Amino acid sequence: MPEYCDVALPVPLDATFTYRVAATAPVVGGRVLVPFGQQRMAGVVVKLHDDKPAVKTKEVLEALDAAPLLDAASIELAEWIASYYLAPLGEVFRSMLPVMAEVRRIREYRITDLGHTELYKASELGSSRRSQRTAAEQDAEYAVLNHLSDREVARETALRSATGASRTLLSGMLRKRWIAWQDVSESREQRRVAKVVVLKQAEGKLNESQQTIVEALAASGGRLHLATLHGLEISPSLLKTLEKRGVVAIEEEPQDFHLTSMKARKRDYELNAEQQTAFEHVTSAALAEKFSVTLLYGVTGSGKTAVYLAAMQEVLAAGKSALMLVPEIGLTPAAAAHLYEIFGDEVAILHSGLTPGERAEQWRRIHAGGARIVVGTRSAVFAPVPELALIVVDEEHDSSYKQEETPRYHGRDVAVMRGKLAGAAVVLGSATPSLESFHNAHKEKYALLQLRERVEQRGLPGVELVDMKAEFAETGEDHLFSRKLTEEITACLARGEQAMILLNRRGYSAIVLCRSCGEKIECVNCAIALTHHKGANKLECHYCGYKRPVPKVCPKCASEHIYFLGSGSEKLEDMLQAAFPGARIGRMDRDTIRGRGDFERVLNQMHAGELDLLVGTQMIAKGHDVPGVTLVGVVGADFALGFPDFRAAERTFQLLTQVAGRAGRGETPGRVILQTFFPDHYAIQFAARHDYDGFFEKEIRYRGWMHYPPFSALANVLVRSDKLEQALRWAGMIGRWFEAKKVKGMRVLGPAAAPIVRLKRDYRYHFVLKSDSRKKLNDLLRAMLAHAVEQKVPRTNVIVDVDPLSLL
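Residues numbered from 1 in each chain as written. Predicted model: local features only at pLDDT ≥ 70, side-chain atom pairs only at ≥ 80, totals over all residues. Heavy atoms only, no water.

A closer look at the environment of Phe686
Stage number 1. Of note, Phe686 is situated in helix 21 (residues 682–688).
Stage number 2. The sequence separation of Phe686 and Arg671 amounts to 15 residues, and the corresponding C-alpha distance is 16 Å.
Stage number 3. Leaving out residues up to four positions away in the same chain, Phe686 has contacts with Phe653, Asp691, Gly694, Phe695 and Lys698. (Helix = DSSP H or I, 4+ residues; strand = E, 2+ residues; numbered from the N terminus. Contact = heavy atoms within 4.5 Å.)

Structure below.
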């Protein structure tokens, strides 16, 4: 057995760490528990060797896996992500392996000599010391010291439970060196369940209850959960008798995570000519057992999902596996039920609604070959699917595929690389493809399939633009919705039809300010205005979550003239309720959709005809198919055109086209009323005509002139600190380094204050880098990070975002 192993740990350091192998037997691609500083951490073994390091090494505490969790292709994918996105390898593995949740974090505390001294002084001096700090804080500290003085160590949960101490209080006592801690984290066993197993056929006569047990076991294939038998109201003594006779045995095994016991059922899809062509191409590519990428561009309502599912059925029938990625908001329980109806036990669902334990159990089930169809959100791209033949990325343009924390990978691009490493076919589908994907199709890097018609020959909805500048000029009043939209909603309700109204902003009012002094009430942690939420009577920051009550007077000048400016989806709901008092109105935004069942509940109400109007943010634009919706009103979606972001026009076009596509998906034709202050903007004009090709031709020329993606590689380097002077000093130092390292074909813009200069208490300055060569960009960024480390800038304070979707 090799003497040493290299381990990638989930820490913000671009290195692996060498440990000595003792009694344990680690495997490459498996996890180990190792000491790291004062902590114990789970990491992934990337190499076994006998090369003795020059420094003293610590021993591996425990090998958590007897067999690899990650195969060679998965490790290669992780190394590619770490290299491409300049992320520490250990943090990439943490994203790939939800089974990291199987390590139980445990801290033990003990009292130090200084702590004993402080406790003695307190008992001698009594209450005379209370003037130094608040009595409550002092009492809490002495309660901790008293508790620890009676025992050698105490676990954090027990200590906090016994004394009421907060983590902040314990941190303060650690800084004073009154107490010390050590990490005694340990592997968490998989949840286990008891099962009854048939050992042999029963001999002799059985009574009625025993016969019930035997029949239940036979019907379930000879294995059944013990809890299921208890549910049949069978006496435990009867089961014990069968166990003594050797007919059954009770065994413990890791808990399966099956959400259903349904079997896969072949479903015949009635495909039109365009769908059939797409289906044949995708199926042929998937069964060819070689890498390919296909862009499936189909208008809203053209039946892309039917093509995906039909192809996945063929893959399953051929003994292969398929993986389908969907945007976060598209994965509803209703969609999951549809998949279970088709694929039964062969399907596994991975999404953020699962607990860490549930995600780990699903992951293990997939790894063991228990599910060959996997559907999930961004992180499902790492699912350990065996015999992978097809990867589908639905709504491939959606920004939720980009992770906004380390590792900052894009799920779509990782899916393409995974397909390449696995020799699988990759299908990217959208009604509004990203410019990068459509450009690749035009350059024949990707195959292009098109669905130009809606299913059942339904027409695309007609779009009417309403110029809100002209509306104000004619009415002399600033209304949230126009006369035309009011008229159309009235007619829609009179016909007994449904409507969706989009306002892509949460809350009631966007800004709260003082009319006397002009003070804008901002977040204490961020340089952003607080949003008024009328229902909760709070002002809230949508970036860090800070909340405060609505002030009665101005915090700066004490004036009572507080002014609420702007509108959000909550206000839109109120105004529609006032304008249409008989209408049943629902709202869909981050304030109303919080739990697992909220999303499904609202959509079920729409499908059942229990709602007449649904208002909301971009959530309502994401792939919903509600046949009763014949009218879509867009109240506010064009303010994004004013953002300092080169993708602003693309995002606006995509949002408008997607939400317009919710109308007319049943037998009744649809209609869209699009209110805008920029009726002549090309993104608005092309969206009104459902003309993606026209928009692409216009936007791609602009990108070429300005050397933006897809014509260049782009990166955003963000320098942050909770101290303004430090952020400025670090940004200046990195800026001077960039100036000295000029590279031909590369342009560095900055440093400049980030559009949101303070976020979550950090001051932020950034650089935007454009390069004609991705390799040159990657090399320069890697050298910059090394220089920053040399200059003692913490790795977590310099964020590198490769292929950023937002520069805010």
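A look at the layout of surface pockets
Stage number 1. For the second largest pocket, the calculated volume is near 830 Å³.
Stage number 2. Taken together, 30 residues form the lining of the second largest pocket, with Tyr84, Asp413, Asn440, Tyr446 and Arg774 sitting closest to its centre.
Stage number 3. Broken down by secondary-structure element, the contributors of at least two residues to the lining of the second largest pocket are helix 1 (72–84), helix 14 (411–422), helix 15 (435–442) and strand 32 (713–721).
Stage number 4. If one sorts the elements of the lining of the second largest pocket by residue count, helix 14 sits on top with 5 residues.
Stage number 5. Class assignment for the residues of the lining of the second largest pocket results in 15 nonpolar, 6 polar and 9 charged. (1 Å grid on protein atoms, 1.4 Å probe; cavity = no way out; pocket = protein on both sides within 12 Å on 5 of 7 lines; lining within 4 Å. Points joined across faces, edges and corners; volume = space filled by probe spheres on them. Nonpolar A, V, L, I, M, F, W, Y, C, P; charged D, E, K, R; others polar.)

Here's the deal with the packing of helix 4 (residues 135–149) against helix 5 (residues 156–163)
Stage number 1. Their axes nearest at 10 Å, the elements helix 4 and helix 5 cross at an angle of 125 degrees. By the angle class used here, helix 4 and helix 5 are oblique. As helix 4 runs across helix 5, the sense of the crossing is right-handed. Packed against helix 4, whose contacting residues are Ala143, Val144, His147 and Leu148, the element helix 5 presents Leu159, Ala162 and Thr163 at the interface.
Stage number 2. Residues belonging to the contact of helix 4 with helix 5 are distributed by class as follows: 5 nonpolar, 2 polar and no charged. (Axes fitted to C-alpha atoms, helices over the stretch in contact; angles between N-to-C directions. Parallel < 35°, antiparallel > 145°, perpendicular 65-115°, else oblique. Left-handed = near helix turned anticlockwise from the far one by under 90°.)

A closer look at empty space enclosed by the protein
Stage number 1. One pass over the full model with this rule turns up 4 cavities of 30 Å³ or more.
Stage number 2. Its boundaries defined by the atoms lining it, the largest cavity holds a volume of some 100 Å³.
Stage number 3. Around the largest cavity sit Tyr297, Val299, Thr300, Ala431, Thr432, Leu460, Phe653, Thr657, His690, Asp691 and Tyr692, which together line it.
Stage number 4. Its residues assigned to classes, the lining of the largest cavity shows 6 nonpolar, 4 polar and 1 charged.
Stage number 5. In this structure, the second largest cavity encloses a volume near 50 Å³.
Stage number 6. Contributing to the lining of the second largest cavity are Ser95, Met96, Pro98, Leu350, Arg359, Trp363, Ser379, Ala380, Phe382 and Ala383.

A short note on the side chain of His49
Stage number 1. Structurally, His49 can be placed in strand 4 (residues 39–49).
Stage number 2. We classify His49 as buried; its relative accessible area is 10%.
Stage number 3. Side-chain polar atoms of His49 contact the side chain of Asp6, separated by 2.9 Å.
Stage number 4. Among the polar contacts made by the side chain of His49, one reaches the main-chain amide nitrogen of Asp51 at a distance of 3.1 Å.
Stage number 5. The residues contacting His49, other than those within four sequence positions of it, are Pro2, Glu3, Tyr4, Cys5, Asp6 and Thr18. (Buried < 20%, exposed > 50% of the residue type's maximum accessible area, 1.4 Å probe, protein only. Polar contact = N/O pair within 3.5 Å; in protein donor to acceptor, adjacent residues only side chain to side chain.)

Let's talk about the packing of helix 10 (residues 273–287) against helix 11 (residues 304–317)
Stage number 1. Orientation of helix 10 relative to helix 11, taken along the N-to-C sense of each, is 35 degrees, at an axis distance of 9 Å. Relative to helix 11, helix 10 is oriented so that their crossing is right-handed. For the pair helix 10 and helix 11, contact is made by Gln275, Ala278, Phe279, Val282, Thr283, Ala286 and Leu287 and by Ala306, Val307, Ala310, Ala311, Glu314 and Val315, respectively.

Describing the UniProt feature "binding site: Zn(2+) 2" (unreviewed entry) in the chain
Stage number 1. Per the UniProt entry, the sites bearing "binding site: Zn(2+) 2" (unreviewed entry) are Cys523, Cys526, Cys541 and Cys544 in this numbering. A maximum C-alpha distance of 8.7 Å among these annotated residues, which run over 22 residues, shows that they cluster at one spot.
Stage number 2. Residue position: Cys523 is located in the loop between strand 23 (511–514) and strand 24 (531–533).
Stage number 3. A residue is classified by how much of its surface remains accessible, and Cys523, at 6% relative accessible area, is buried. (UniProt positions renumbered as here; feature names shortened; annotations may be inferred.)

Some details on the sheet that holds strand 4
Stage number 1. Here we have 5 strands laid out as an open sheet, ordered 2-1-4-3-5, and antiparallel in their pairing. Strands at the two margins of the open sheet, each flanked by one partner only, are strand 2 (17–20) and strand 5 (62–63).
Stage number 2. Alignment of strand 3 (residues 31–36) against strand 4, held across 6 bridges, turns out to be antiparallel. For Phe36, the partnering residue across the bridge sits in strand 4 and is Gln39. (Pairing = 2+ DSSP bridges.)

As for the UniProt feature "binding site: Zn(2+) 1" (unreviewed entry) in the chain
Stage number 1. Feature annotation in UniProt places "binding site: Zn(2+) 1" (unreviewed entry) on Cys514, Cys517, Cys554 and Cys557, given in this structure's numbering. In summary, the annotated positions, though distributed over 44 residues, converge in three dimensions, the widest C-alpha pair being only 8.6 Å.
Stage number 2. Here Cys514 shows up in strand 23.
Stage number 3. In this structure Cys514 touches Glu519, Cys554, Cys557, Ser559 and His561, once residues within four positions along its chain are discounted.
Stage number 4. Relative to the assigned elements, Cys517 resides in the loop between strand 23 and strand 24.
Stage number 5. Not counting residues up to four positions away in its chain, the partners in contact with Cys517 are Cys554, Lys556 and Cys557.

Notes on unusual backbone geometry
Stage number 1. Residue Pro710 follows Pro709 across a cis peptide bond; omega there is 15 degrees.
Stage number 2. Along the chain, Gly750 connects to Pro751 via a cis peptide bond; the corresponding omega equals 10 degrees.
Stage number 3. For Pro751, the position within the fold is in strand 33 (residues 746–759).
Stage number 4. The backbone of Ala558 shows a phi angle near 70 degrees, a positive value even though the residue is not glycine.
Stage number 5. Here Ala558 shows up in the loop between strand 26 (547–549) and strand 27 (562–565).
Stage number 6. Despite not being glycine, Lys760 shows a phi value in the positive range, around 50 degrees.
Stage number 7. Along the polypeptide, Lys760 turns up in the loop between strand 33 and strand 34 (762–771).

Regarding the nonpolar core
Stage number 1. Counting residues in hydrophobic clusters, the biggest one holds 113 residues, and the most contacted among them are Met588, Leu781 and Met784.
Stage number 2. Here this core takes 7 residues from helix 23 (residues 724–740), the largest share from any one element.
Stage number 3. Phe279, Val326, Phe343 and Val347 belong to the second-largest nonpolar core, a separate cluster that totals 34 residues. (Core = buried A, V, L, I, M, F, W, Y, C linked by side-chain atoms within 4.5 Å.)

Examining helix 5
Stage number 1. Where helix 5 is concerned, the buried positions are Glu156, Leu159 and Thr163. Buried residues of helix 5, viewed axially, fall in a sector of 65 degrees; they line one side. Every exposed residue of helix 5 that faces more than 90 degrees away from the buried side is listed here: Thr157, Ser161 and Ala162.
Stage number 2. Taken from the residues just after helix 5, Gly164 is the one with a positive phi, measuring 75 degrees. (Arc of directions from axis to C-beta.)

Section: the confidence of the model for the chain
Stage number 1. Taken as a whole, the chain shows an average pLDDT of 88; of its residues, 91% reach a score of 70 or greater.
Stage number 2. The low-confidence segment residues 127–132 (pLDDT under 50) makes 8 contacts with residues lying over four places distant or belonging to another chain.
Stage number 3. Segment residues 257–264 is flagged for pLDDT under 50; beyond a separation of four residues in sequence, or across chains, it makes 21 contacts in the model. (pLDDT = per-residue confidence, 0-100.)

A closer look at the pattern of salt bridges
Stage number 1. All chains considered together, the criterion is met by 43 salt bridges.
Stage number 2. Linking Asp772 and Lys776 is a salt bridge whose minimum nitrogen-to-oxygen distance equals 3.2 Å.
Stage number 3. Connected through salt bridges with shared partners, the residues Glu464, Lys484, Glu487, Glu488 and Arg671 form a single ionic network. (Salt bridge = Lys/Arg side-chain N within 4 Å of Asp/Glu carboxyl O.)

Thoughts on the sheet that holds strand 31 (residues 671–676)
Stage number 1. With respect to topology, 6 strands assemble into an open sheet ordered 21-31-30-22-29-28, the strand pairing being parallel. This sheet does not close on itself; its edge strands, each paired only once, are strand 21 (462–467) and strand 28 (585–588). Adjacent strand axes in the sheet meet at a mean angle of 15 degrees, parallel and antiparallel pairs treated alike.
Stage number 2. Across the sheet, helix 19 (residues 598–607) touches strand 22 (498–503), strand 28, strand 29 (613–616) and strand 30 (629–636), and the angle it forms with strand 28 is around 145 degrees.

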